[in-house]
Amino acid sequence: MMRCFPKRLGTLPARLFVLFLILALLGAGPGTAAAATGSASSGVTPAFSDVSQSDPNLLYINYLVSRNMVAGFPDGTFHPDSGLTRAEAATLLAKVAGLQPASGPAPFSDVPVGYWAYGDIAAATVAGLVYGYPDGAFHPQAIITRAEGAALFTNLIKQPNQATLPSLSDLAPGNWAAKAVALALAAGLLQTTSSGQFSPNDPLTRSDLARVLGVILTGDPDYDQVALTGALKPLSGIVQLTTSNSAAPATVTAVTPIAEGDTITTGANSSAEIDFPDASSLLLQENSVFTVKKMQGKSRLLWDGTAGVAIAWLEVGLTQGQMFGVLASSYEKSAQAKPISLQGLPGSAPNQKINLADDETNTGSNSSLPWYQANTGEQAQVQVDMPWGVAGIEGTIWHITITLTATTVSTAEGTVTLTSDSGQQVTITTSFQASLSSSNVAPNQPVTMTATEISDWQAQAVQSWVQQTAASIQNMVDTTSNTITQAIENAVNSAINTANNNQTNNNNNNNNNNSGN
């Protein structure tokens, strides 16, 4: 565990703290989640005795602790109001950016080659992350201000700065740090006071630092990549798993991790579910063949500041059988997934699969919107490769059935974009379904769920799985209420009722038309 550094960095323990913090940052990897705003929840327990529940950075402090990035002093305190030196800031910048310590002539007159942070200061300088003063000095021991902190840490953001400075009584648009402060505020790295001031000359505190690192490591898609794991849970009958490095399938009788390249097969009267760390879940029905193609996760901030992992991108294949799915991100306040536009997908040659992940509107350095704006709205998080086409799942509850003659997709909430291998597509909305029967033609236009589809949704095993998944998502968000559980269950029931009503109305209209004839 690491110790919080004192104001000066002249002692070995203080230097070791920064080194341990750096190692933790590198070992834990980057992560993602939108900036938490406002005061912390009264139900959140601070990790340190001197951090109050009203501290606006409480969740980020807890987050860094849960990632083993920081620990307090032996007396259980964090000293959230202590400042950060320029040497410490340069070291953190270099390590978060993945820079190797530089060597060669000293870049600044007051940073000799033997100085503890020399290599990182030199590397950060070469990379343009830090600068010295006109007199050739770096002032490594100086405590940085909030304005300086904004200027330094926004250098990590690779996307163009499109932020506009809000009206601040203590910082004018012409200020040297105005552009950086605008970006820091827009991205949620720093906040203004209750009176609308930025306090540019106040020290950047350890509490501020927790927020800055927490937002960058859990919000910027250039730093958010983490491994995504899945767990296969057999529910009934015979469930077999063929791993990417095995030639023969093995029968699964207990919860088993899955990886890219694995294939899951369910036999007659058999079923299984696949669960993910954010409580998203897939349900495989009998006689299904399912392949994991790509799994990508992102670290995110849970409601209490705990570090979690959400689905950023999941590509799977379903060649036969049935699959239901629930994505958690639509219901979790802190989960902000990588947005992927499904509009204007490029056409492809017949029989050539379309990869939704190749769409240039993905977030990252090439996104048309900065990540702190693009992380809102609908997200296509799951791509399902199927006979004759691809389904792009946009934060929803869905069902896919594959037979010898057709692929049918329906949704209980949200939307699915169904695209044929020839590039033609339709959008399926709540309580509707659409199908594909050939690679070279467009999908059928969406229609109200049929009686068969409604019956699939109403099956007891499906209803039980929906309830269990809803409860798991609720526990990830807030254990003190059941609003998420109710929302998911109501969504499924509402879709069924809407489809039933539409079927009844359609039948009545047909009967009236026949009577008129």
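Residues numbered from 1 in each chain as written. Predicted model: local features only at pLDDT ≥ 70, side-chain atom pairs only at ≥ 80, totals over all residues. Heavy atoms only, no water.

Caption draft 1: Representation of the layout of surface pockets within the structure. Estimated volume of the second largest pocket: approximately 370 Å³. Grouping the constituent residues of the lining of the second largest pocket by class yields 10 nonpolar, four polar and three charged. (1 Å grid on protein atoms, 1.4 Å probe; cavity = no way out; pocket = protein on both sides within 12 Å on 5 of 7 lines; lining within 4 Å. Points joined across faces, edges and corners; volume = space filled by probe spheres on them. Nonpolar A, V, L, I, M, F, W, Y, C, P; charged D, E, K, R; others polar.)

Caption draft 2: Expanded view of the nonpolar core. Ranked by internal contacts, the top residues of the largest apolar core, which has 67 residues, are Tyr-115, Ile-121, Phe-153, Leu-156, Val-181, Leu-189 and Phe-198. Of all elements in the fold, only α2 (58–66), α3 (86–96), α4 (118–126), α5 (146–153), α6 (178–187), α7 (206–219) and α8 (371–374) reach the threshold of two or more residues within this core. With eight residues, α6 is the largest single contributor of residues to this core. With residues up to four places along the chain from it excluded, the contact list for Leu-156 reads Leu-93, Val-96, Ala-97, Leu-129, Ile-216, Asp-220 and Tyr-223. Counting residues in each nonpolar core, the second largest holds 37 residues, with Ala-272, Ala-391, Ile-428 and Ala-434 among its members. (Core = buried A, V, L, I, M, F, W, Y, C linked by side-chain atoms within 4.5 Å. Buried < 20%, exposed > 50% of the residue type's maximum accessible area, 1.4 Å probe, protein only. Helix = DSSP H or I, 4+ residues; strand = E, 2+ residues; numbered from the N terminus. Contact = heavy atoms within 4.5 Å.)

Caption draft 3: Broad picture of the pattern of salt bridges. Tallied over the entire structure, the rule returns three salt bridges. In this structure, Asp-120 and Lys-95 form a salt bridge, with 2.9 Å as the shortest nitrogen-oxygen distance. On the criterion of sequence distance, the pair formed by Asp-120 in helix α4 and Lys-95 in helix α3 is long-range, its members being 25 residues apart. Like Lys-95, Asp-120 is buried. (Salt bridge = Lys/Arg side-chain N within 4 Å of Asp/Glu carboxyl O.)

Caption draft 4: A look at the pairing of strand β9 (residues 289–301). Bridge analysis of strand β1 (residues 225–226) against β9 gives two bridges, and the strand direction is antiparallel. Its bridge partner being in β9, Gln-225 is matched across the sheet by Lys-298. Sheet analysis places strand β6 (residues 263–266) next to β9, joined by three bridges and oriented antiparallel. Note on β9: the bridge partner recorded for Ile-264 is Phe-290. Looking at chain direction, β9 and strand β10 (residues 307–326) are connected through 12 bridges and run antiparallel. The residue of β10 that forms the bridge with Phe-290 is Leu-318. Where β9 folds back on β10, the antiparallel hairpin that results is connected by five residues, among which Gly-305 adopts a positive phi of roughly 90°. (Pairing = 2+ DSSP bridges.)

Caption draft 5: Structural context of the side chain of Ser-207. As for its placement among the helices and strands, Ser-207 is situated in helix α7. Look past the residues within four positions of Ser-207 in its chain and what remains in contact with it is Asp-55, Asn-57, Ile-61, Phe-78 and Pro-80.

Caption draft 6: Representation of the packing of aromatic side chains in the model. A complete count under the given rule lists six aromatic pairs for this structure. Plain terms: the ring middles of Phe-324 and Trp-457 are 5.0 Å apart, the flat faces sit at 80° to each other, and that makes the pair edge-to-face. Of this pair, Phe-324 sits in strand β10 while Trp-457 sits in helix α9 (residues 451–458); the two residues are 133 residues apart in sequence, bridging distant segments of the chain. With relative accessibility at 0%, the residue Trp-457 sits in the buried group. Judged by centre distance (6.4 Å) and plane angle (55°), the ring pair of Phe-324 and Trp-465 falls under tilted. Here the residue Phe-324 occupies a position in strand β10, and Trp-465 occupies one in helix α10 (residues 460–477), the gap between them amounting to 141 residues. Across the pair, Trp-465 and Phe-324 agree in class, each one buried. (Phe/Tyr/Trp six-rings, centres within 6.5 Å; stacked < 30°, edge-to-face > 60°.)

Caption draft 7: Looking closely at the confidence of the model for the chain. Taken residue by residue, the chain gives an average pLDDT of 82. The fraction at 70 or more is 81%. Overall, residues 1–20 carries pLDDT values under 50, and its contacts beyond four positions in sequence, including any with other chains, amount to 50 contacts. Under a pLDDT of 50 for its full length, residues 333–367 has, in the predicted model, 99 contacts with residues more than four places off or in other chains. (pLDDT = per-residue confidence, 0-100.)

Caption draft 8: Inspection of the environment of Gly-136 at higher detail. Here Gly-136 shows up in the loop between α4 and α5. Sequence-distant contacts of Gly-136, that is, excluding residues within four places in its chain, are made with Phe-108 and Ser-109.

Caption draft 9: Molecular detail of the pairing of strand β2 (residues 230–236). In the sheet, β2 pairs with strand β5 (residues 256–258) via three bridges, with the strands oriented antiparallel. When the bridges of β5 are listed, Gly-230 appears paired with Ile-258. Across five bridges, β2 lies against strand β7 (residues 271–275) in antiparallel orientation. Residue Leu-232 lies in a different strand from β7, and its bridge partner there is Ile-274.

Caption draft 10: Looking closely at the packing of α2 against α7. Where α2 contacts α7, the axes come no closer than 8 Å and their chain directions differ by 70°. By the criterion of interaxial angle, the relationship of α2 to α7 is roughly perpendicular. In the packing of α2 onto α7, the handedness of the crossing is left-handed. Mapping the contact onto sequence places Tyr-60, Ile-61, Tyr-63 and Leu-64 in α2 and Ser-207, Ala-210, Arg-211, Leu-213, Gly-214, Val-215, Leu-217 and Thr-218 in α7. For the contact of α2 with α7, the per-class residue count stands at eight nonpolar, three polar and one charged. (Axes fitted to C-alpha atoms, helices over the stretch in contact; angles between N-to-C directions. Parallel < 35°, antiparallel > 145°, perpendicular 65-115°, else oblique. Left-handed = near helix turned anticlockwise from the far one by under 90°.)

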